[in-house]
Amino acid sequence: MNLAPRARDLGLTCCHTCGQASSSTTAHCPRCRSRLHARKPDSLARTWAFLLAALILYIPANTLPVMYTSMLGRGESSTILHGVVEFWKAGSWDIALLIFIASVAVPSTKFLALGTLLVTAQRRSTWAQPQRARLYRFVELIGYWSMLDVVVVALVSALVQFQLLGTAEPRLGIVFFGLVVVLTMFAAMSFDPRLIWDSDDDKNLPRN
Amino acid sequence: MTHPAAFVFCEHCDSIYRRHELQRDEVARCGRCCAVLYRGSRVDIDYLLALTLTAAIVFVIANASPVIRIAVSGLHNQANLLQSIVALSHGSALAVGVVAAVTLFVVPLLQIILLGWVLLFARAHRRAPGFVFAMRVLHRIRPWSMTEVFLLGVLVAIVKLSGLLHVIAGPGAWATVVLTVLIAVIARHDIRSLWDRLPGDPTGLHS
Ligand SMILES: [Zn+2]
């Protein structure tokens, strides 16, 4: 079966906000007034920028403590990985696994997946296009679960406020962690999945 | 003019298709990239509005009542979502407090208000005042709604604290469970079909 034609080849641009088709020369969608682009502007450069910024901030997010707790006068600062180990030792391996997935596996997967998508799109590769398209949707789907640690630190800091008996406070690491989540989400949004399929245009054109 | 548009686009790969009528629960997928194009079940405005109004009530309960209560040697404390955000915004952590406030409170609230507003008028086959603005905002903020992450966070916090203290889930936690389900059901409906079903005045005078 032949594949469906693509809007840009027909001289059309579709509005992502409302689904309306317009001629490629139109700057704003006539129906919802959103700005129209055949492809997201500077998609690769912007995605690289967000991704690299997230990667850099991911280092302090993991090495700096995310929370300070004092129980009966004994205070300690803990990093995210420290928290995972604590849960594991306490026998809550399921919660340890959950935090590990949300704060280590999900961000790492996003870094690797977006990196792969960027490199292949840049090289205009036609390799594994359906799988790459699925990989992008997977990245979009898992993106925000990394906010889990931020929520846990917020709840524990609000609850454990017993003066001498015990207190909990957020620490700088959680700021970096929250910023990493936001930056990776911006990175995923900046990437234009249509670029995966634009490589096909080269195949059909004679090289000059 | 209440018919859906004759063509659909795949926003993931730019393919263009002629729209076909689908049976209920049928899903049209893109032949190039396998992304979901559209669903057979037509958006039932009354049903969606009922869900949205329920979500509004549950949202108030979820935010007004404590999600977790703790007790230790005669002392006790409780916290709800907003108190947790304030506790997080302590000193240098203000930046992450703002992120949490936006994703856990402001965005879900805006979604409920704007969707309710649009649907209230859609029942009378009319575009609400500010329809275009509301629909654009709804599209923009959609990825930033994180109520389900808050729910998982409540669960982890309960387990984390239960080793040291007496912990019970408050009414806010149960309301958050209901809210998460409601938001997930609402999100299954592609409200962009309202653009076709509620045609605007091309002059823009009455839209
Ligand atoms: Zn597609």
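Quick notes on the overall build of chain A
Working step 1: Each helix and strand counted, chain A has 8 helices and 5 strands in total.
Working step 2: Sequence-ordered secondary structure for chain A, helices as α and strands as β, is β-β-α-β-β-α-α-α-α-β-α-α-α.
Working step 3: The principal-axis extent of the C-alpha atoms belonging to chain A is close to 75 × 35 × 30 Å.
Working step 4: Buried residues in chain A amount to 50% of all 208 residues.
Working step 5: The long-range share in chain A, meaning contacts at least 24 apart out of those at least 6 apart in sequence, stands at 66%.
Working step 6: In the form shown here, chain A has an accessible surface area of approximately 10100 Å², with 63% of it arising from carbon and sulfur atoms.
Working step 7: Side chains of chain A give 20 positive and 13 negative charges; the mean places of these two sets differ by 7 Å.

With respect to the overall build of chain B
Working step 1: A count of helices and strands for chain B gives 7 helices and 7 strands.
Working step 2: Reported as C-alpha extents along the three principal axes, the dimensions of chain B are approximately 65 × 40 × 35 Å.
Working step 3: For chain B, the share of sequence-separated contacts (at least 6 apart) that also reach a separation of at least 24 residues comes to 60%.
Working step 4: As presented, chain B carries roughly 10400 Å² of accessible surface, and 63% of it is formed by carbon and sulfur atoms.
Working step 5: Mean positive and mean negative side-chain charge positions of chain B (18 and 11 charges, respectively) differ by 5 Å.

As for the interface of chain A and chain B
Working step 1: Listed as interface residues are 62 residues of chain A and, on the opposing side, 61 residues of chain B.
Working step 2: Buried area between chain A and chain B, both sides added, is near 5600 Å², and the carbon and sulfur share of it is 75%.
Working step 3: Applying the counting criterion to the chain A and chain B interface returns 2 salt bridges.
Working step 4: The shortest N-O distance in the salt bridge between Arg31(A) and Asp196(B) comes to 2.9 Å.
Working step 5: At the junction of chain A and chain B, the tally comes to 18 residue pairs in polar contact (both at pLDDT 80 or more).
Working step 6: Breaking the side of chain A that touches chain B down by element, the ones donating at least two residues are strand E1 (12-14), strand E3 (67-71), helix H3 (93-122), helix H4 (129-142), helix H5 (148-159), strand E5 (166-170), helix H6 (172-190) and helix H7 (194-198) of chain A.
Working step 7: Per-element tally for the side of chain A that touches chain B: the top contributor is H5(A), with 11 residues.
Working step 8: Considering only residue class, the side of chain A that touches chain B consists of 44 nonpolar, 8 polar and 10 charged.

Description of the confidence of the model for chain A
Working step 1: The predicted model of chain A averages 88 in pLDDT, with 96% of residues at 70 or higher.
Working step 2: Within chain A, no element has a lower average pLDDT than helix H8 (residues 200-204) of chain A, which sits at 67, and none a higher one than helix H1 (residues 43-63) of chain A, at 95.

Topic: the pairing of strand E4 (residues 36-39) of chain B
Residues and elements named next belong to chain B.
Working step 1: In this structure, strand E3 (residues 27-29) lies alongside E4, joined through 3 bridges in antiparallel fashion. What sits directly across from Arg29, in E4, is Val36.
Working step 2: Connecting E3 to the next strand, E4, in antiparallel fashion are 6 residues, including Cys34 with a positive phi near 70 degrees.

Here's the deal with the domain arrangement of chain B
Working step 1: What the domain assignment lists for chain B is domain 1 (1-41) and domain 2 (43-197).
Working step 2: Computed over C-alpha atoms, the centres of domain 1 of chain B and domain 2 of chain B are 30 Å apart.

Focus: the packing of H1(A) against H6(A)
Residues and elements named next belong to chain A.
Working step 1: At a closest axis distance of 8 Å, the pairing of H1 and H6 adopts a crossing angle of 160 degrees. In terms of their interaxial angle, H1 and H6 are classed as roughly antiparallel. Relative to H6, H1 is oriented so that their crossing is left-handed. Contact with H1, carried on its side by Ser43, Arg46, Thr47, Phe50, Leu51, Ala53, Ala54, Leu57, Tyr58, Pro60 and Ala61, involves Gly173, Phe176, Phe177, Leu179, Val180, Leu183, Thr184, Phe186, Ala187 and Ser190 of H6 and no other residues of that element.
Working step 2: For the contact of H1 with H6, a count of residues per class yields 15 nonpolar, 5 polar and 1 charged.

What about the coordination of the zinc ion?
Each donor-metal-donor angle would ideally measure 109.5 degrees in four-coordinate tetrahedral geometry, or 90 or 180 degrees in six-coordinate octahedral geometry.
Residue and element names in this part refer to chain B.
Working step 1: For the zinc ion, the full set of protein donor atoms is Cys10 (SG), Cys13 (SG), Cys30 (SG) and Cys33 (SG), and the range of their distances to it is 2.2 to 2.3 Å.
Working step 2: Around the zinc ion sit 4 donor atoms, and with donor-metal-donor angles ranging over 100 to 118 degrees the site reads as tetrahedral.
Working step 3: Cys33 gets classed as buried once you look at its relative accessible area, which sits at 0%.

What counts, and at which threshold
- Residues numbered from 1 in each chain as written.
- Chains lettered and ligands numbered in written order.
- Predicted model: local features only at pLDDT ≥ 70, side-chain atom pairs only at ≥ 80, totals over all residues.
- Heavy atoms only, no water.
- Helix = DSSP H or I, 4+ residues; strand = E, 2+ residues; numbered from the N terminus.
- Buried < 20%, exposed > 50% of the residue type's maximum accessible area, 1.4 Å probe, protein only.
- Contact = heavy atoms within 4.5 Å.
- Areas by Shrake-Rupley, 256 points an atom, 1.4 Å probe, with all protein chains shown as cover.
- Lys, Arg positive; Asp, Glu negative; His and termini not counted.
- Charge placed at Lys NZ, Arg CZ, Asp CG, Glu CD.
- Buried area = accessible area lost by both parts, 1.4 Å probe.
- Salt bridge = Lys/Arg side-chain N within 4 Å of Asp/Glu carboxyl O.
- Polar contact = N/O pair within 3.5 Å; in protein donor to acceptor, adjacent residues only side chain to side chain.
- Nonpolar A, V, L, I, M, F, W, Y, C, P; charged D, E, K, R; others polar.
- pLDDT = per-residue confidence, 0-100.
- Pairing = 2+ DSSP bridges.
- Domains from an automatic or database assignment.
- Axes fitted to C-alpha atoms, helices over the stretch in contact; angles between N-to-C directions.
- Parallel < 35°, antiparallel > 145°, perpendicular 65-115°, else oblique.
- Left-handed = near helix turned anticlockwise from the far one by under 90°.
- Donors = N, O, S within 2.8 Å, 3.2 Å for Na, K, Ca; no water.
- Tetrahedral: all angles 85-135°; square planar, octahedral: opposite > 155°, others 65-115°.

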